[in-house]
Amino acid sequence: THLPFESIINQVFYYPIGMMFSQALGQMPSRKILVLGASGLLGSHVFDTFAKRAETIGTYVKSTEHSNDNMYQLNASNHGDLDSFILDLSPTLVINCLGLTDVEVCESRPEASWQLNTAVPTRISKLSKRRNFKFIHISTDHFYSELRIPRNENERMTPINQYGYSKFHAES
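Summarised in this report is the structure supplied together with it. These numbers were taken from a predicted model, which means no experiment stands behind them. (Residues numbered from 1 in each chain as written. Predicted model: local features only at pLDDT ≥ 70, side-chain atom pairs only at ≥ 80, totals over all residues. Heavy atoms only, no water.)

## A few points about the overall build of the protein
Okay, so step 1: When helices and strands are tallied, the protein shows seven helices and seven strands.
Okay, so step 2: For the protein, the α and β elements follow one another from N to C terminus as α-α-β-α-β-β-α-β-α-α-β-β-β-α.
Okay, so step 3: Here the protein holds 172 residues, and the buried ones make up 39% of them.
Okay, so step 4: By sequence separation, contacts in the protein at least 24 residues apart represent 59% of the contacts at least 6 residues apart.
Okay, so step 5: When the accessible surface of the protein is totalled, it reaches about 10,200 Å², and 49% of it is carbon and sulfur. (Helix = DSSP H or I, 4+ residues; strand = E, 2+ residues; numbered from the N terminus. Buried < 20%, exposed > 50% of the residue type's maximum accessible area, 1.4 Å probe, protein only. Contact = heavy atoms within 4.5 Å. Areas by Shrake-Rupley, 256 points an atom, 1.4 Å probe, with all protein chains shown as cover.)

Following this line, the structure appears as structure tokens:
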């Protein structure tokens, strides 16, 4: 059975991402949410969920199936464009769903993987501290686990490929 994304979020508030979303929404008197990568698989669900609750702006790189006035084309790898977009928008929350997720491309082009999966989130994190907005970064499960069970964010992680490596370093 497939549950709508909003139902999943509502049911998993005990889980870290649900708590982050819940806390982020609950602590914002004025809610302007920016979803980076809103045209992707995860980002489109995040965008649709938050658009029901607050003013939500999304970004896409090349194209989007969303027919929404709140979707904007943005090449987040261009740091000047990224900074200007965020500063002009003045969001209260930025949710980063961006990522170069094609594992084979990440292996053959590690610099592109590093740029989008590490440099961009690091830049947004620094900007969030300077401009005082909340920042949620969505990472990955491409880590080795001896137990092969879901792990929490405090466990020691070992990336299993270039994609996991680039996402891991965005968190450190």
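That covers the picture; the talk isn't over yet.
## Let's talk about unusual backbone geometry
Okay, so step 1: The phi dihedral of Ser90 falls on the positive side, at around 50°, and the residue is not glycine.
Okay, so step 2: Position of Ser90 among the secondary structure elements: in the loop between helix H4 (79-89) and strand S4 (93-96).
Okay, so step 3: On the accessibility criterion, Ser90 (48% relative accessible area) is partly exposed.

## Structural notes on the pattern of salt bridges
Okay, so step 1: Considering all chains together, one arrives at two salt bridges under this definition.
Okay, so step 2: Asp83 is the salt-bridge partner of Arg123, the closest N and O atoms lying 2.7 Å from each other. One end of the pair, Arg123, is in helix H6 (residues 110-131); the other, Asp83, is in helix H4, and 40 residues separate them in sequence.
Okay, so step 3: Look at Arg123 and you get partly exposed, because its relative accessible area is 32%.
Okay, so step 4: Across the salt bridge formed by Arg109 and Glu111, the nearest N and O atoms sit 3.8 Å from each other.
Okay, so step 5: Taking the relative accessible area as the measure of exposure, Arg109 reaches 44% and is therefore partly exposed.
Okay, so step 6: Look at Glu111 and you get exposed, because its relative accessible area is 53%. (Salt bridge = Lys/Arg side-chain N within 4 Å of Asp/Glu carboxyl O.)

## Structural notes on the nonpolar core
Okay, so step 1: If you look at the biggest cluster of nonpolar residues, it comprises 20 residues, and the most contacted ones within it are Leu34, Leu36, Leu82, Ile86, Val120 and Ile124.
Okay, so step 2: For this core, the element with the highest residue contribution is H6, accounting for five residues.
Okay, so step 3: Residues within four places of Val120 in sequence aside, it is in contact with Ala76, Ser77, Leu82, Leu98 and Gln115.
Okay, so step 4: Membership of the second largest hydrophobic core comes to 14 residues, among which are Val46, Phe50, Met71 and Ile138. (Core = buried A, V, L, I, M, F, W, Y, C linked by side-chain atoms within 4.5 Å.)

## Brief notes about the environment of Leu34
Okay, so step 1: Mapping Leu34 onto the fold places it in strand S1 (residues 32-36).
Okay, so step 2: Setting aside residues up to four positions removed in sequence, Leu34 forms contacts with Ile57, Thr59, Phe85, Ile86, Leu89, Pro91, Leu93, Val94 and Ile95.

By themselves, these are just geometric observations and shouldn't be taken as functional.
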